Amino acid sequence: MTEKEIKEKAEQIVEALTALSFGKEPNMLSGEVFKKLSGHQNFTQIKTAYIAYLQSFDGCVDAPDDIKRMFDFRMEIVNLFDII
């Protein structure tokens, strides 16, 4: 996967997780990630990774450490989601 693909997949995962947390349910037109996330075998780990990232997030991504932390988070949730 390229860095761009990882970024896009991670965004889909976070958007799906947010939608689920607001009580939205997938429908026929929903994307693959949204349809699969709530029943995914690593749902709890993905949710925990997101919580951990948010707890260390200070509202901006401008320092090299912030960028690395964000990239590591993206890699983690994409890897957890892609495990079958």
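A brief report on the enclosed structure follows.

Reading guide: rules and limits
Residues numbered from 1 in each chain as written. Predicted model: local features only at pLDDT ≥ 70, side-chain atom pairs only at ≥ 80, totals over all residues. Heavy atoms only, no water. Helix = DSSP H or I, 4+ residues; strand = E, 2+ residues; numbered from the N terminus. Core = buried A, V, L, I, M, F, W, Y, C linked by side-chain atoms within 4.5 Å. Buried < 20%, exposed > 50% of the residue type's maximum accessible area, 1.4 Å probe, protein only. Contact = heavy atoms within 4.5 Å. Expected span 1.5 Å × (residues − 1). Arc of directions from axis to C-beta. Axes fitted to C-alpha atoms, helices over the stretch in contact; angles between N-to-C directions. Parallel < 35°, antiparallel > 145°, perpendicular 65-115°, else oblique. Nonpolar A, V, L, I, M, F, W, Y, C, P; charged D, E, K, R; others polar.

Structural notes on the environment of valine 78
Move 1: Looking at the element boundaries, valine 78 is found in helix α4 (residues 64–82).
Move 2: Along the sequence, valine 78 and glutamate 11 sit 67 residues apart, while their C-alpha atoms lie 9.5 Å from each other.

Re the nonpolar core
Across soluble globular proteins, nonpolar side chains have a tendency to be buried as a group.
Move 1: Membership of the largest hydrophobic core comes to 20 residues, with the highest contact counts inside it found for Ile13, Leu37, Ile46, Phe73, Ile77 and Phe81.
Move 2: Elements with a contribution of two residues or more to this core: α1 (3–21), α2 (32–37), α3 (43–56) and α4.
Move 3: Among the elements that take part in this core, α1 stands out by supplying seven residues, more than any other.
Move 4: When sequence neighbours within four positions are dropped, the list of residues in contact with phenylalanine 73 reads Val14, Ala49, Tyr50 and Tyr53.

Things to note about α3
Helical periodicity: at 3.6 residues per turn, an α-helix aligns residues three or four positions apart in one direction.
Move 1: In this model, α3 (14 residues) spans 20 Å end to end at C-alpha, consistent with the 20 Å of a helix rising 1.5 Å per residue.
Move 2: Of the positions making up α3, those classed as buried are Phe43, Ile46, Ala49, Tyr50 and Tyr53. When α3 is viewed along its axis, its buried side chains cluster within an angular range of 130° and face the same direction.
Move 3: In this structure, the buried side of α3 is in contact with α1, α2 and α4.

Here we look at the packing of α1 against α4
Move 1: Direction vectors running N to C along α1 and α4 enclose 75°, while the axes themselves pass 9 Å from each other. The angle between the axes of α1 and α4 places the two elements in the roughly perpendicular class. Within the contact between the two elements, α1 uses Glu3, Ile6, Lys7, Lys9, Ala10, Glu11, Ile13 and Val14 and α4 uses Phe71, Phe73, Arg74, Met75, Ile77, Val78, Phe81 and Asp82.
Move 2: The class makeup of the residues in the contact of α1 with α4 is 10 nonpolar, no polar and six charged.

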